[in-house]
Amino acid sequence: NPVDIIITAYTKYPIDVDNIVTKLYIDGLKERVLQQDDPKWVKSVISKSQVDKNNIRVEIEIIECN
């Protein structure tokens, strides 16, 4: 089924949200979690930037569309 994807980067210091390279993460999911990454399968991608000085990470949320 088609999905929406939310990618949240937790960094030590604030970063511009447009510096999060979402394509790399989505390409890494292709053929493992996602069938493909074209508009038929991925309806939207949202990137978010958060600060967490103690736990730097990237979280990827995949939400199935109705």
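Quick summary incoming for the structure in this document. Every value quoted in this text rests on a predicted model; they were computed, and no experiment measured them.

1. Comments concerning the side chain of Thr11
Relative to the elements of secondary structure, Thr11 occurs in strand S1 (residues 3-11). Within the local environment of Thr11, its side chain forms a polar contact with the backbone oxygen of Tyr13, the two atoms lying 2.6 Å apart.

2. Side note on the pattern of salt bridges
Under the defined criterion, the tally for this structure stands at four salt bridges. With a shortest N-O distance of 2.8 Å, Lys23 and Asp27 are connected by a salt bridge. Of this pair, Lys23 and Asp27 both sit in helix H1 (residues 22-29), four residues apart, roughly one helical turn. Classification of Lys23 as exposed rests on a relative accessible area of 53%. The partner of Asp52 in a salt bridge is Arg57, and the shortest N-O contact between them spans 2.9 Å. Look at Arg57 and you get partly exposed, because its relative accessible area is 23%.

Here is what the cut-offs are and how they apply
- Residues numbered from 1 in each chain as written.
- Predicted model: local features only at pLDDT ≥ 70, side-chain atom pairs only at ≥ 80, totals over all residues.
- Heavy atoms only, no water.
- Helix = DSSP H or I, 4+ residues; strand = E, 2+ residues; numbered from the N terminus.
- Polar contact = N/O pair within 3.5 Å; in protein donor to acceptor, adjacent residues only side chain to side chain.
- Salt bridge = Lys/Arg side-chain N within 4 Å of Asp/Glu carboxyl O.
- Buried < 20%, exposed > 50% of the residue type's maximum accessible area, 1.4 Å probe, protein only.

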